[in-house]
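Take a look at the letters that make up each chain.
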Amino acid sequence: MNTRYVLCTAVLIFSLPLFSQNYYQQGFFIRGGASYTLSQPYSIPFNNWENRTLTDSTLDIQVKYFSPGSGAFAHLGVGYQINDIFRVGLDVAYQFNSTSTVKDVYTTRIDTVDFTFESPRTLTSNAFLFTPEVSFMLPIEYITRPYIRVGFPILFGVLQEKSSMVLPNGSNFYDFIEKQTNYVGRISMGLSGAIGVEWSLDDRFFIFTEIRALNANFAPRRSELVFYEVNGQGQLNQFAHFERETVYDRNIRITDSDEIIANEPSRARPFSLPFNHIGISVGLTVQLF
């Protein structure tokens, strides 16, 4: 998403309350809640088997999918009720260990015999989202108050990949390999929205429920191989620094003349995963004063 368009839209929306009239319920508030979200699965590029040489073998990989934006979230926000129509605030959300287990299926031929293997991978994402937002509330004095909220989240995310695989080692035997790679994401911006209803308990306390949606992206800044075992034996120390750690650079230019420096991280072009979701949230709003 173009950051310039996001910022311009945010400035426009947040300036609207300045031109509205004041009615009632002015003051600060806090709100907290929890939500569970679902997202469309996307293919993931976390697979290095294409670079492994199999003697007298052919390799056919079936790519599976992962949804990094789904799972349980906790929300805590603070804001100001400008009038009975507009609210502005800052919402802080944390995603709790969104985990998916997928299987990569591949076949290989050894001595004219076809073998099929399944390799499970567990991917876990965690994220903080800091979201400046504005709410448009229907100006009615009933026990329920519908509203629409628009936000501009700033995303900080990490992703953990654990995998195990059985691969032929070229000597009519098989290696059982377990490894873990951690990905640290870049700071990214997105767009969020919600439509919901508040139920008034009294003049200060409101219960809310809402349908919320998020459009953002996860892009790694760096990754590191932190665990690697072959047949139960640790092999991480066998890897050079450039094999364990990768830095993702948007401006990288890779040429045939580039040299690999063993004691420095390798460099690669970044990739991006959609961090989108839609879900239901419930919580409590407290008018402070």
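Keep in mind the model is a prediction, meaning the values are calculated, not measured.

What counts as what
Residues numbered from 1 in each chain as written. Predicted model: local features only at pLDDT ≥ 70, side-chain atom pairs only at ≥ 80, totals over all residues. Heavy atoms only, no water. pLDDT = per-residue confidence, 0-100. Contact = heavy atoms within 4.5 Å. Helix = DSSP H or I, 4+ residues; strand = E, 2+ residues; numbered from the N terminus. Buried < 20%, exposed > 50% of the residue type's maximum accessible area, 1.4 Å probe, protein only. 1 Å grid on protein atoms, 1.4 Å probe; cavity = no way out; pocket = protein on both sides within 12 Å on 5 of 7 lines; lining within 4 Å. Points joined across faces, edges and corners; volume = space filled by probe spheres on them. Core = buried A, V, L, I, M, F, W, Y, C linked by side-chain atoms within 4.5 Å. Polar contact = N/O pair within 3.5 Å; in protein donor to acceptor, adjacent residues only side chain to side chain. Salt bridge = Lys/Arg side-chain N within 4 Å of Asp/Glu carboxyl O. Pairing = 2+ DSSP bridges.

Topic: the confidence of the model for the protein chain
- Of the residues in the protein chain, 68% reach a pLDDT of 70 or more, and the chain-wide mean stands at 77.
- Counted against residues more than four places away or in other chains, residues 16-24, with its pLDDT under 50, gives 19 contacts.
- Taken as a whole, residues 45-64 scores under 50 in pLDDT and shows 54 contacts with residues more than four places along the chain or in a different chain.

Brief notes about the side chain of Thr124
- Residue position: Thr124 is located in strand S7 (residues 113-137).
- Residue classification places Thr124 among the buried residues on the basis of a relative accessible area of 12%.

Some details on empty space enclosed by the protein
- According to the stated counting rule, one finds two cavities of 30 Å³ or more in the structure shown.
- Considering only enclosed or pocket space, the largest cavity measures out at about 160 Å³ in volume.
- Considering the residues around the largest cavity, the lining is formed by 18 residues, among which His75, Thr131, Ser192, Arg212 and Leu214 are closest to the centre.
- Broken down by secondary-structure element, the contributors of at least two residues to the lining of the largest cavity are strand S5 (71-81), strand S6 (86-110), S7, strand S8 (144-151), strand S12 (191-200) and strand S13 (205-215).
- Estimated volume of the second largest cavity: approximately 90 Å³.

Observations concerning the nonpolar core
- Ranked by internal contacts, the top residues of the largest apolar core, which has 14 residues, are Leu129, Leu155, Tyr183, Phe218 and Phe275.
- Put simply, the parts of the chain that give this core at least two residues each are S7 and strand S9 (154-168).
- In this view, Phe218 contacts Gly157, Val158, Leu159, Tyr183, Gly185, Phe271, Ser272, Leu273 and Phe275; residues no more than four positions away in its chain are not counted.
- In terms of nonpolar packing, the next biggest core, distinct from the first, is built from five residues, Ile177, Leu225, Tyr228 and Val230 among them.

Section: the side chain of Ser281
- Looking at where Ser281 falls in the secondary structure, it is placed in strand S20 (residues 277-287).
- Judged by its relative accessible area of 1%, Ser281 falls in the buried class.
- In terms of polar contacts, Ser281 uses its side chain to reach the backbone carbonyl oxygen of Ala34, at 3.2 Å.
- Contact partners of Ser281, with chain neighbours within four places excluded, come to Ala34, Ser35, His75, Phe208, Thr209, Glu210 and Arg212.

Here's the deal with the environment of Phe156
- Mapped onto the fold, Phe156 is located in strand S9.
- Residues Phe156 and Phe218, 62 residues apart in the sequence, show an inter-C-alpha distance of 8.4 Å.
- Other than its neighbours up to four places away in sequence, Phe156 contacts Asn126, Ala127, Phe128, Phe130 and Ile187.

Some remarks on the pattern of salt bridges
- Inspection of every chain in the model, using the stated rule, returns seven salt bridges.
- The salt bridge partner of Arg212 is Glu210, with a shortest N-O separation of 2.8 Å.
- Among the ionic pairs, Asp249 bridges to Arg267, the shortest N-O distance being 2.7 Å. Residue Asp249 is found in the loop between strand S17 (245-248) and strand S18 (266-268), and its partner Arg267 is found in strand S18; the two are separated by 18 residues along the sequence.

As for unusual backbone geometry
- With phi around 55°, Asn231 is a residue other than glycine that occupies positive phi space.
- Along the chain, Asn231 turns up in the loop between strand S15 (220-230) and strand S16 (233-234).

Description of the pairing of S12
- Inspection of the sheet shows S8 paired to S12 by eight bridges, in the antiparallel sense. For Thr144, the partnering residue across the bridge sits in S12 and is Trp199.
- Judged from the 10 bridges that link them, S12 and S13 form a sheet pairing that is antiparallel. Following the sheet pairing, Ser200 is matched in S13 by Phe206.
- The turn joining S12 and S13, which pair antiparallel and follow one another in sequence, is formed by four residues.

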